[in-house]
Amino acid sequence: MKKTIFILLIVAMALLASGCTQEPSSEQQKETIVIGSKLFQESYILAHMTAIVLEDAGYETDVKQGLGGTFVNYEALKAGQIHTYAEYTGTAYSQILNLEQLEDWDRQVVADATENGLLEQDRVMIVSNLGFENAYAIAVREDWAAEHNVTKISDLEQYAAEMTIGTDPEFATREDGLPAIKNVYGFEFRDYKQAVATVMYEAIKNNEVDAISAYTTDTRNEVFNLRVLEDDQSALPPYDAILIVTETFAQNNPDAIAAMKKLEGAIDTDAMTQLNYQFDIEKKQPRDIAYQFLVDEGIIEG
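Residues numbered from 1 in each chain as written. Predicted model: local features only at pLDDT ≥ 70, side-chain atom pairs only at ≥ 80, totals over all residues. Heavy atoms only, no water.

Participant: Describe the sheet that holds strand β4 (residues 124–133), listing the residues and the values that go with them.
Facilitator: Taken together, the 3 strands give an open sheet; going across it, the order is β3-β10-β4, and neighbouring strands pair in antiparallel fashion. A single partner strand is all that each edge strand has here, and the edge strands are β3 (85–88) and β4. The average undirected angle you get between the axes of adjacent strands in this sheet is 35°. In this structure, β3 lies alongside strand β10 (residues 240–246), joined through 4 bridges in antiparallel fashion. Bridge pairing links E87 to I242 in β10. Helix α6 (residues 107–122) contacts β4 and β10 of the sheet and is inclined by roughly 155° relative to β4. (Pairing = 2+ DSSP bridges. Helix = DSSP H or I, 4+ residues; strand = E, 2+ residues; numbered from the N terminus. Axes fitted to C-alpha atoms, helices over the stretch in contact; angles between N-to-C directions. Contact = heavy atoms within 4.5 Å.)

Okay, structure coming up:
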């Protein structure tokens, strides 16, 4: 109960900061669809991509870029304060549904359990499977990995006790993050430092941490010369990108659902990595990145 109240307070504060403090009336929902996002570039881009396909179908939209982490967005979705956002199957499976870790992470098993679980628990539906996976991974600097012959997570066992890992705001404490690494691989890092993704990546670039909880679609892995380590004992689940809405919203807004389904399977991993590159390296705005992709793919007209 205390956790739920705390999360709702965070949601309220986040929505206040972004200019959305009240649950929209049904009339407002027909006029404006509110889209949440998490605290990293990919989520920004996907939020704007969702907004643009909805606008192309005649809807007004309001993107709450960087609204918060998983639970801020999910609680806002359930409360009707936002109407959709991009989530990941592994996150929903382990964090929202609190399902048990599998010995062998089968992508389809996780996808099915996530879809069924969200609907049964909270009447939340998956609208679109976007077509790519952005998984958590452990990454280290390439020069250090080469010197110590480290290619997979299990190779860190003899070094971890002297290493500091940088993580995003969630990975250090969530069950599918560092606790899963400890449980499966049997070691812990000396310390961890939590920060938003941009700061996390800058920290390893500047030798302020020894490893990070990298995102597999993040081009900074290559640009910053990082080695993404193989999860050789399958500690981390698959993280396929999905768009979610409440069942009530889907029933009341069939045209919006039809518009959002245009993103079904539209983005493969290489494409998402390139879109992230445009944000991180080329410094383009997320809406511009999203718009050009949709035009190039023929999803909307330019």
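Further notes follow.
Participant: Residue-level account of the packing of aromatic side chains, with values.
Facilitator: A complete count under the given rule lists 11 aromatic pairs for this structure. These aromatic residues form a ring-pair network of at least three members: F40, Y88, Y136, F171, Y215 and Y239. (Phe/Tyr/Trp six-rings, centres within 6.5 Å; stacked < 30°, edge-to-face > 60°.)

Participant: Break down the packing of helix α4 (residues 70–79) against helix α5 (residues 89–96) for me, with residues and values.
Facilitator: When two helices pack together, their arrangement is captured by the angle between the axes and the distance separating the axes. Relative orientation of the contacting elements α4 and α5 amounts to 85°, with a least axis distance of 12 Å. Classed by the angle they form, the pair α4 and α5 counts as roughly perpendicular. Contacts from T70, F71 and Y74 in α4 reach T91, Q95 and I96 in α5. (Parallel < 35°, antiparallel > 145°, perpendicular 65-115°, else oblique.)

Participant: Explain a nonpolar patch on the surface to me, and be specific about the residues and the numbers.
Facilitator: On the surface, a cluster of nonpolar side chains totalling about 200 Å² of accessible area is made up of L39, V196 and V199. Looking at the element boundaries, V199 is found in helix α9 (residues 197–205). When its relative accessible area of 46% is taken as the criterion, V199 is described as partly exposed. (Patch = residues over 30% accessible without salt bridge, like charges linked within 9 Å, V, L, I, M, F, W, Y side chains within 5 Å. Areas by Shrake-Rupley, 256 points an atom, 1.4 Å probe, with all protein chains shown as cover. Salt bridge = Lys/Arg side-chain N within 4 Å of Asp/Glu carboxyl O. Buried < 20%, exposed > 50% of the residue type's maximum accessible area, 1.4 Å probe, protein only.)

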